[in-house]
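Residue-level listing of the chains:
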Amino acid sequence: NGYGIQIGDTVGFAVKNIYFDYNWHYGCTDGAHINGPARDGVIENLFGTTNDDMVSLTPVDEQHAEVTFGEISNVEIRGVTAKNGYSGVRLLSCGNYSIKHIKISGVYGDYRHNAVLLGHHYARPEDTRNLFDDIVIEDVHASKSHTPLTGDCFTLWEDGAIETLPIIWLFNDINITNLTIKNVYRVEDVKTDTSLIKIEKEVAIDRLVLDNIYQNFNMPIIRKIAVQLSFLSRSKPQGLYLYPIIP
């Protein structure tokens, strides 16, 4: 098991024009996996199939996979396309290091798990809530895959993924300031109970903008949402801004 590309302790990096053709028989196989400290990078035009995240920004890894650790900032991710993918882009804070100034644009294809997810990974027992700041997610044209893996594949985390996991997911003890999600389109021929956007109740957000969110069948666009806007004691929350949503 391993990552297709792993980069850490870097300033000014680019990962471009890569096609992944993993066979689903091995787990923990990210495509492009970036460890901190890392800043001023571009990841673009990634295609194909991986059996974990196609792109992962992870300040601190689990010990068996760790190369370096530190803050990740100023990274643009654009043009991620998967066919029956695991997940598209994951921002995974941990080790008390932040993820800041990230733009994700152009996520396409279908995914068994998520197209985009932000969360906290407790790789160390001393970990605490982490900060995401200035995150933009835009131009997401993604859907849920309806093709489960067969029994001869690596299926440890597949149980219920297609049926329950949202396309965009924020979860697991994170603080976010300045989050924009816009131009999100979901068109599916098969109706499921999965949300388009799900924000778990343990996620705290200060300044959230949702703009131009669309899906084509009759179910709630945003479900089970519990957004706390006042987690930063040093600043007054600016409010939750909801722009027109097309049902």
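Structure shown above.
Report on the accompanying structure. (Residues numbered from 1 in each chain as written. Predicted model: local features only at pLDDT ≥ 70, side-chain atom pairs only at ≥ 80, totals over all residues. Heavy atoms only, no water.)

1. Remarks on the nonpolar core
By size, the foremost hydrophobic cluster in this structure holds 48 residues, and its most contacted members are I43, L91, L118 and I137. With eight residues, strand β5 (residues 99-120) is the largest single contributor of residues to this core. Not counting the four nearest positions on each side in its chain, I137 is found in contact with I104, V116, L118, I168, L179, T180, I181 and K182. Among the nonpolar cores identified, the runner-up in size contains five residues, and L117, A161, W169 and F171 belong to it. (Core = buried A, V, L, I, M, F, W, Y, C linked by side-chain atoms within 4.5 Å. Buried < 20%, exposed > 50% of the residue type's maximum accessible area, 1.4 Å probe, protein only. Helix = DSSP H or I, 4+ residues; strand = E, 2+ residues; numbered from the N terminus. Contact = heavy atoms within 4.5 Å.)

2. Re the pairing of strand β8 (residues 174-186)
In this structure, strand β6 (residues 130-144) lies alongside β8, joined through 10 bridges in parallel fashion. Each residue of the ladder has a partner; that of D133, found in β8, is T177. (Pairing = 2+ DSSP bridges.)

3. Observations regarding the side chain of D61
Within the element layout of this structure, D61 appears in the loop between β3 (53-58) and β4 (72-93). Here D61 occupies a buried position and makes no salt bridge, while the nearest side chain of opposite charge, R90, is found at 7.4 Å. Engagement of the side chain of D61 in a polar contact is seen with the side chain of H33, the distance being 2.5 Å. (Lys, Arg positive; Asp, Glu negative; His and termini not counted. Salt bridge = Lys/Arg side-chain N within 4 Å of Asp/Glu carboxyl O. Polar contact = N/O pair within 3.5 Å; in protein donor to acceptor, adjacent residues only side chain to side chain.)

4. Some points on the pattern of salt bridges
Opposite charge on two side chains permits them to pair, given that their charged atoms come into close proximity. In total, this model carries 12 salt bridges according to the counting rule given. With its nearest N and O atoms 3.3 Å apart, the salt bridge here joins K103 to E138. Taken together, the residues K103 in strand β5 and E138 in strand β6 connect sequence positions 35 residues apart. Residue class for K103 comes out partly exposed when judged on its relative accessible area of 33%. Each of K16, E44, E76 and R78 takes part in a single network of salt bridges with overlapping partners.

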